[in-house]
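Notes for the structure review
Residue-level listing of the chains:
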Amino acid sequence: MAFPQSRPRRLRSHPRLRDLVRETSLSVNDFIYPLFIHHGANLRREVSSMPGVFQLSLDRLGDAMAEVAELRIPAVILFAIPEHKDGTGSGASRDDGLIQQATRLIKQNWPDLLVITDVCFCEYTDHGHCGPLHEVGDRLDVDNDATLPLLAHQAVSHARAGADLVAPSGMMDGMVGAIRAGLDGAGFSNIPILSYAAKFSSAYYGPFRDAAQSAPSFGDRRSYQMDPANGDEAIREVEIDLAEGADMVMVKPALAYMDIIWRVKETFHVPTAAYNVSGEYAMVKAASANGWIDERRVVLETLLGFKRAGADMILTYHALDAARWLRS
Ligand code: PBG
Ligand code: ZN
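Conventions we followed
- Residues numbered from 1 in each chain as written.
- Chains lettered and ligands numbered in written order.
- Predicted model: local features only at pLDDT ≥ 70, side-chain atom pairs only at ≥ 80, totals over all residues.
- Heavy atoms only, no water.
- Helix = DSSP H or I, 4+ residues; strand = E, 2+ residues; numbered from the N terminus.
- Rg over C-alpha atoms; globule rule 2.2 N^0.38 Å.
- Buried < 20%, exposed > 50% of the residue type's maximum accessible area, 1.4 Å probe, protein only.
- Contact = heavy atoms within 4.5 Å.
- Areas by Shrake-Rupley, 256 points an atom, 1.4 Å probe, with all protein chains shown as cover.
- Pairing = 2+ DSSP bridges.
- Phe/Tyr/Trp six-rings, centres within 6.5 Å; stacked < 30°, edge-to-face > 60°.
- Donors = N, O, S within 2.8 Å, 3.2 Å for Na, K, Ca; no water.
- Tetrahedral: all angles 85-135°; square planar, octahedral: opposite > 155°, others 65-115°.
- Right-handed = clockwise from strand over helix to strand, strands pointing away.
- Axes fitted to C-alpha atoms, helices over the stretch in contact; angles between N-to-C directions.
- Parallel < 35°, antiparallel > 145°, perpendicular 65-115°, else oblique.
- Left-handed = near helix turned anticlockwise from the far one by under 90°.
- Nonpolar A, V, L, I, M, F, W, Y, C, P; charged D, E, K, R; others polar.
- Near = heavy atom within 4 Å.
- Polar contact = N/O pair within 3.5 Å; in protein donor to acceptor, adjacent residues only side chain to side chain.
- Expected span 1.5 Å × (residues − 1).
- Arc of directions from axis to C-beta.

1. A few points about the overall build of the protein chain
From N to C terminus, the protein chain includes eleven helices and twelve strands. Relative to the globule expectation of 20 Å for 328 residues, the C-alpha radius of gyration of the protein chain, 20 Å, shows essentially globular dimensions. Here the protein chain holds 328 residues, and the buried ones make up 53% of them. Taking all contacts inside the protein chain whose residues are at least 6 apart in sequence as the whole, residues at least 24 apart take part in 75%. A total accessible area of about 15,100 Å² is found for the protein chain, and carbon and sulfur atoms account for 50% of it.

2. What about the pairing of strand 9 (residues 194–199)?
Among the six residues that make up strand 9, six are buried, leaving the element largely enclosed by the rest of the structure. Sheet analysis places strand 9 next to strand 10 (residues 248–252), joined by four bridges and oriented parallel. Residue pairing across strands places Lys 199 opposite Lys 252, the latter belonging to strand 10.

3. Brief notes about the packing of aromatic side chains
With the rule as written, the count across this model stands at eight aromatic pairs. Aromatic pair Phe 36 and Tyr 317: ring centres 6.2 Å apart, planes at 10°, arrangement stacked. Here Tyr 317 lies in the loop between strand 12 (313–316) and helix 11 (319–327) and Phe 36 lies in strand 1 (residues 31–38), a separation of 281 residues in the sequence. Plain terms: the ring middles of Tyr 281 and Tyr 317 are 5.7 Å apart, the flat faces sit at 65° to each other, and that makes the pair edge-to-face. Taken together, the positions of Tyr 281 in helix 9 (residues 278–289) and Tyr 317 in the loop between strand 12 and helix 11 put the pair 36 residues apart, joining distant regions of the chain. Since its relative accessible area comes to 4%, Tyr 317 is described here as buried. An aromatic cluster of at least three residues, connected via ring pairs, comprises Phe 36, Phe 79, Tyr 196, Phe 208, Tyr 275, Tyr 281 and Tyr 317.

4. Points about the coordination of the zinc ion (ligand 2)
Cys 120 (SG), Cys 122 (SG) and Cys 130 (SG) make up the full set of protein donors to the zinc ion (ligand 2), lying at 2.2 to 2.3 Å. Geometry at the zinc ion (ligand 2) is tetrahedral, judged from its four donor atoms and the angles of 95 to 124° they form at the metal. Residue Cys 130 is classed as buried on the basis of its relative accessible area, which comes to 1%.

5. Some details on the pairing of strand 4 (residues 75–81)
Among the seven residues in strand 4, seven count as buried, and that is most of the element. Covered by surrounding structure in strand 4 are Ala 75, Ile 77, Phe 79 and Ile 81 together with Val 76, Leu 78 and Ala 80, the residues of both alternating faces. Pairing of strand 1 with strand 4, which is carried by seven bridges, proceeds in the parallel orientation. Each residue of the ladder has a partner; that of Tyr 33, found in strand 4, is Val 76. Chirality of the crossover, the property in question, places the unit of strand 4, helix 3 (residues 98–109) and strand 5 (residues 114–119) among those that are right-handed.

6. Some details on the packing of helix 7 (residues 232–243) against helix 8 (residues 258–268)
Where helix 7 meets helix 8, the axes come as close as 10 Å, and the angle between the chain directions of the two elements is 45°. For the element pair helix 7 / helix 8, the angle class is oblique. In terms of crossing hand, the pair formed by helix 7 and helix 8 is right-handed. Contacts between helix 7 and helix 8 involve Asp 232, Ala 234, Ile 235, Val 238, Glu 239 and Leu 242 on the former and, on the latter, Ile 260, Arg 263, Val 264, Thr 267 and Phe 268. The residue inventory of the contact of helix 7 with helix 8, partitioned by class, reads seven nonpolar, one polar and three charged.

7. A short note on the environment of Arg 60
In this structure, Arg 60 sits in the loop between strand 3 (50–57) and helix 2 (61–70). Expressed as a C-alpha distance, the spacing of Arg 60 and Ala 41, which sit 19 residues apart in the sequence, is 7.8 Å.

8. Points about the side chain of His 318
If you trace the backbone, His 318 turns up in the loop between strand 12 and helix 11. Not counting chain neighbours up to four residues away, the residues in contact with His 318 comprise Asn 276, Tyr 281, Val 284, Lys 285 and Val 299.

9. A few points about the site of ligand 1
Taken together, the neighbourhood of ligand 1 is formed by 17 residues, with Arg 209, Gln 225, Lys 252, Ser 278 and Tyr 317 sitting nearest. A distance of 2.6 Å separates an oxygen atom of ligand 1 from a polar side-chain atom of Arg 209. Note that an oxygen atom of ligand 1 is positioned 2.7 Å from one of the side-chain N or O atoms of Gln 225. Looking at the shell around ligand 1 residue by residue, the class counts come to nine nonpolar, three polar and five charged.

10. As for helix 7
Count 3.6 residues to each turn of an α-helix, and residues three or four apart come out pointing the same way. If you check helix 7, its first and last C-alpha atoms are 17 Å apart, about what twelve residues at 1.5 Å a residue would give, namely 16 Å. Those residues of helix 7 that fall on the buried side of the exposure criterion are Ala 234, Ile 235, Glu 237, Val 238 and Asp 241. Projected down its long axis, helix 7 shows its buried positions confined to an angular sector of 160°, all on one face. The outward face of helix 7, more than 90 degrees from its buried face, is lined by the exposed residues Asp 232 and Ala 243. The inward-facing, buried residues of helix 7 abut helix 5 (175–185), strand 9, strand 10 and helix 8. Positive phi appears at Gly 245, one or two residues downstream of helix 7, with a value of about 115°.

This is how it looks when you write it as structure tokens:
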């Protein structure tokens, strides 16, 4: 296609004309805001590597939720920092666990807001891996198939507490199928699954592991999270999760994986989420604290970029600020 007479600048000459031809939009309806629920009482501790992000005890959750609701952010995703950890992460599925209590509290007071729960074990295991371990040759690795029924159990306990969606993040093979069967068997066939389908083994999770106190005590997550070099494999991962019953899929991290967001959306045409992760947030906050970038413009440009790449929704720590900026 050649348009020799075309002068693209003609359509950039007037702000209303730019409004008319704009292809992508960013709105508060695109945002999912992550919250860190900490054990204990009267705690609101800022995460040092994530300025503006706080670990909150249950009794301090209300103020944060009131802000989320007032800004009309549609959904939150919950992570826990529990007091007790053990080898299998048994605390994850207790009816009086942190996530379960926080979910009930939010749904009682803000029933219109969606509660999404992260379904994984790394916050609950004393070794910090995403499931119980077994020996493979001379080393320890997460026991994939032993993790599956535990994941189903955890997801059902979240649903029982009132979660609107569950989001398995551990990259275990078969996790979506196991959770779908568990939910259906417990009478929760209406609860959708947002799968962390293409989750890469990334250095960008560093600040999150401070926030959630979930860093592995030995080794790394490369035997279950994806190799950053692989794009075709991400497509296969998404295909498998959709075949197992995932309703929405996630690409994570977002910034260094924009091509994956694009390919997933182009290939499957299903609701696709991008996780704008902790390290991406930390870099923006650090540069703007130094006066090196315009935080507001950089954040809105980045979030818009995820939409342009094909994301339907964005999990982001910038959600509160971005919602305010989009309003003014
Ligand atoms: C754990 C989990 C991680 C994040 C969300 N759930 C990271 C990890 O694998 O340690 C990362 C989020 C972020 O960095 O913002 N399953
Ligand atoms: Zn995990």
